[in-house]
Amino acid sequence: MAPAWLSPRADAITCQVIAHARAVGSRVPARPLVHTGAMISLLGVPLDANSSHLFGTAAGPASIRAALHSGSGNDSTEDSVVVVPLLDDIGDVKIANERGSVADADAITAAVAIQLETGRQVITMGGDHSITFPILRAFRDVTDVDRRPVTVVHIDAHPDLYDDLDGNPLSHASPFARALEAGCMTSLVQFGIRTATPHQREQAARWNVEMVTPRRLDRFDLSTIVGPVYLSVDLDGLDPSVAPGVSHHEPGGLTFREVLDIIDALPGPIVGADVVELNPSRDLNDMTAMVGAKLVKEIAGAMLARG
Ligand SMILES: [Mn+2]
């Protein structure tokens, strides 16, 4: 019999996720995941229909997977935690990849909620940034009080606070507006932001968003961020010289080391994360895929080390 928390809809989506993962050759559990110890579920969301400029991020999860298992590197974090075998790749969420789709958003929420309710930590690979709102809904509703409410730490060139973009309230430029409206977090702290419009400044003021531009990074006290933290990394928060495989090249971004330093300095536990906006059609020699894969490894190491 299905557990009480598992709605018929969520149950159906679980089956779809597992079936899809099997179809693409991912390693999937033969039975529901129930407190299997220090493993982190790695979930892909091949969505780019909510992009505003270029398409291509739907291919992001496959590129990060390939980089994670590339012979170019190894399975360890910089702190020598052998982390890749602790990532349980459960495949991709089955979605229609349609612009503004509520059903796609619901499928993402359900797929993440299933992992959280079975005791798993989750790192999600995008996909465009619209996936973060439905992910945060799952964290809002999780019954485990140690995992909520979250502070969201958001690394990006863009604030993603538009009320809507081009008439799409589920645009990749709006996930944090939706998540704030829906009560998904206690506070939002953004790093790397260098494209805020007056409208987005107004939105930030409305919700007391802490927007740390690259100019201000050295002067921001990271110890003021209280956990638990959900970490959302848009790869365009890094400088295009570091991460060219993104749809929006915005000069003046963070270095890879600055992003790692931010992660290292977070005082609280990291209870969930996403790495989004890899557009392999824009990448050069898979270097951005490797940036995404290394971020997945280092974030996973931080999650395991700090609960
Ligand atoms: Mn961005």
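What counts and what doesn't
- Residues numbered from 1 in each chain as written.
- Predicted model: local features only at pLDDT ≥ 70, side-chain atom pairs only at ≥ 80, totals over all residues.
- Helix = DSSP H or I, 4+ residues; strand = E, 2+ residues; numbered from the N terminus.
- Buried ≥ 20, exposed ≤ 12 C-beta atoms within 10 Å, placed from the backbone.
- Contact = placed C-beta atoms within 7 Å.
- pLDDT = per-residue confidence, 0-100.
- Pairing = 2+ DSSP bridges.
- Axes fitted to C-alpha atoms, helices over the stretch in contact; angles between N-to-C directions.
- Right-handed = clockwise from strand over helix to strand, strands pointing away.
- Expected span 1.5 Å × (residues − 1).
- Parallel < 35°, antiparallel > 145°, perpendicular 65-115°, else oblique.
- Nonpolar A, V, L, I, M, F, W, Y, C, P; charged D, E, K, R; others polar.
- Left-handed = near helix turned anticlockwise from the far one by under 90°.

A. Main features of the overall build of the protein. Looking only at helices and strands, the protein features eight helices and eight strands. Looking at the protein as a whole, 51% of its 307 residues qualify as buried. Pairs at least 24 apart in sequence give 77% of the contacts found in the protein among residues at least 6 apart.

B. Examining the confidence of the model for the protein more closely. Across the protein, the average pLDDT comes to 89, with 88% of residues at 70 or higher. Per-residue pLDDT stays below 50 along residues 1–36; that stretch engages in 42 contacts with residues further than four places along the chain or on separate chains.

C. Highlighting the sheet that holds strand β7 (residues 229–234). The strand order across the open sheet formed by eight strands is β2-β1-β3-β8-β7-β4-β5-β6, and the pairing between neighbours is parallel. One side of each edge strand has no neighbouring strand; the edge strands of this open sheet are β2 (87–92) and β6 (210–212). Looking at each pair of strands side by side, their axes are set apart by 15° on average, direction ignored. Pairing analysis gives six bridges linking strand β1 (residues 40–45) to strand β3 (residues 121–126), with the strands arranged parallel.

D. The arrangement of the pairing of strand β5 (residues 185–191) in detail. The buried fraction of β5 is high, at five of seven residues. With six bridges joining them, strand β4 (residues 150–155) and β5 adopt parallel strand pairing. Bridging across to β5, V150 finds its partner in M185. What joins β4 to β5 is helix α5 (residues 175–181), and the crossover it makes is right-handed. Where β5 lies against β6, three bridges are found, and the strand directions are parallel. Within β6, the position partnered with Q190 by the bridge is M211.

E. Region of the structure containing helix α3 (residues 102–117). With 16 residues, α3 ought to run about 22 Å at 1.5 Å a step, and its terminal C-alpha atoms sit 22 Å apart, in line with that. Of all the 16 residues making up α3, 13 are buried; the element is thus mostly covered by neighbouring parts of the structure. Among the residues trailing α3, G119 stands out with phi positive, at a value near 90°.

F. Representation of the packing of helix α2 (residues 60–68) against helix α8 (residues 287–306) in the model. For the pair α2 and α8, the least separation of the axes is 8 Å and the interaxial angle reads 70°. On the basis of their axis angle, the class for α2 and α8 is roughly perpendicular. Across the interface between the two elements, S63, I64, A66, A67 and L68 of α2 pack against A289, M290, G292, A293 and V296 of α8. Broken down by class, the residue content of the contact of α2 with α8 amounts to eight nonpolar, two polar and no charged.

G. Here's a closer look at the packing of α3 against helix α4 (residues 132–141). The contact between α3 and α4 brings their axes to 8 Å, and the two run at 40°. In this view, α3 runs oblique relative to α4, as classed from their interaxial angle. In the crossing of α3 with α4, the sense of the turn from one axis to the other is right-handed. Mapping the contact onto sequence places A105, I108, T109, V112, A113 and L116 in α3 and F133, P134, I135, R137, A138 and D141 in α4. Across the contact of α3 with α4, the residue classes tally to nine nonpolar, one polar and two charged.

H. Structural detail: the environment of Q200. Relative to the helices and strands, Q200 resides in helix α6 (residues 198–206). Overall, Q200 belongs to the buried group, with 22 C-beta atoms counted inside 10 Å. With residues near it in sequence (within four places) discarded, Q200 still touches P159, L161 and Y162.

I. Structural view of unusual backbone geometry. A cis amide bond, omega 10°, links G126 with the succeeding residue G127. By the element assignment, G127 lies in the loop between β3 and α4. G227 connects to P228 through a cis peptide bond whose omega is 0°. Note on placement: P228 falls in the loop between β6 and β7. A positive phi is found at S80, a non-glycine position, where the angle reads about 65°. As for its position among the elements, S80 is in the loop between α2 and β2. A positive phi angle is found at N208, which is not glycine, with a value near 55°. Within the fold, N208 resides in the loop between α6 and β6. The exposure class assigned to N208 is exposed, which follows from the 9 C-beta atoms found within 10 Å.

J. The environment of K294, seen in detail. Turning to its location among the elements, K294 is positioned in helix α8. According to the C-beta neighbour criterion, K294 is buried, with 20 such atoms within 10 Å. A C-alpha to C-alpha distance of 9.8 Å links K294 and F256, two positions 38 residues apart in sequence.

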